[in-house]
Amino acid sequence: MPARDEIPPGTLDMLILRTLATRTDQHGFEIAESIRHGSDDVLQVEEGSLYPALQRMLMKGWLVGEWGRTAENRRARYYRLTAAGRKQLLHEVDAYRRVAGAIALILWPA
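Note that the structure is a prediction, hence the values are computed from the model and not measured. (Residues numbered from 1 in each chain as written. Predicted model: local features only at pLDDT ≥ 70, side-chain atom pairs only at ≥ 80, totals over all residues. Heavy atoms only, no water.)

Visitor: An account of helix 2 (residues 28-38) is needed here, citing residue identities and associated values.
Guide: Among all positions in helix 2, only Gly28, Ile31, Ala32 and Ile35 are buried. Burial along helix 2 is one-sided: seen end-on, the buried residues are contained in an arc of 95°. Projecting away from the buried face of helix 2 at angles above 90 degrees are the exposed residues Phe29, His37 and Gly38. On its buried face, helix 2 sits against helix 1 (12-22), strand 1 (26-27), helix 3 (47-60) and strand 3 (75-81). Looking at the residues trailing helix 2, positive phi occurs at Asp40, about 55°. (Buried < 20%, exposed > 50% of the residue type's maximum accessible area, 1.4 Å probe, protein only. Helix = DSSP H or I, 4+ residues; strand = E, 2+ residues; numbered from the N terminus. Arc of directions from axis to C-beta. Contact = heavy atoms within 4.5 Å.)

Okay, structure coming up:
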């Protein structure tokens, strides 16, 4: 199994938004598992980071949440991306690409 690394600061919101853009109506554990699986088990989102981020994004209007039941009949909040969340995702991906490109210029100068 690959080593797990910390999620780079400032990227958790982007990862959550991207996860919900590809598969909507997920509860918190499913979102965390999607990120873990999508990163080939390198990134692990801890509950202490995930749920405050989801709450913050609900308050900003990037997500909506509805209470429902899991397959195991447990009560869970299911999250879905809003139009504002899709716009924010585009903004965050663009900013990430600029920063990653600038870092690459320093690490591997021409």
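Moving on from the coordinates now.
Visitor: Tell me what's going on with the pattern of salt bridges, and back it up with residues and numbers.
Guide: Considering all chains together, one arrives at seven salt bridges under this definition. The closest approach of N and O atoms between Glu30 and Arg23, which form a salt bridge, is 3.9 Å. A relative accessible area of 44% means that Arg23 is categorised as partly exposed. Two residues, Arg36 and Asp41, come together in a salt bridge whose shortest N-O distance is 2.1 Å. Connected through salt bridges with shared partners, the residues Asp25, Glu66 and Arg80 form a single ionic network. (Salt bridge = Lys/Arg side-chain N within 4 Å of Asp/Glu carboxyl O.)

Visitor: Describe in detail a nonpolar patch on the surface, supporting the description with residues and values.
Guide: A surface patch of nonpolar side chains, amounting to about 460 Å² of accessible area, comprises Val99, Ile103, Leu107 and Trp108. Inspection of the secondary structure assignment puts Val99 in helix 4 (residues 83-107). (Patch = residues over 30% accessible without salt bridge, like charges linked within 9 Å, V, L, I, M, F, W, Y side chains within 5 Å. Areas by Shrake-Rupley, 256 points an atom, 1.4 Å probe, with all protein chains shown as cover.)

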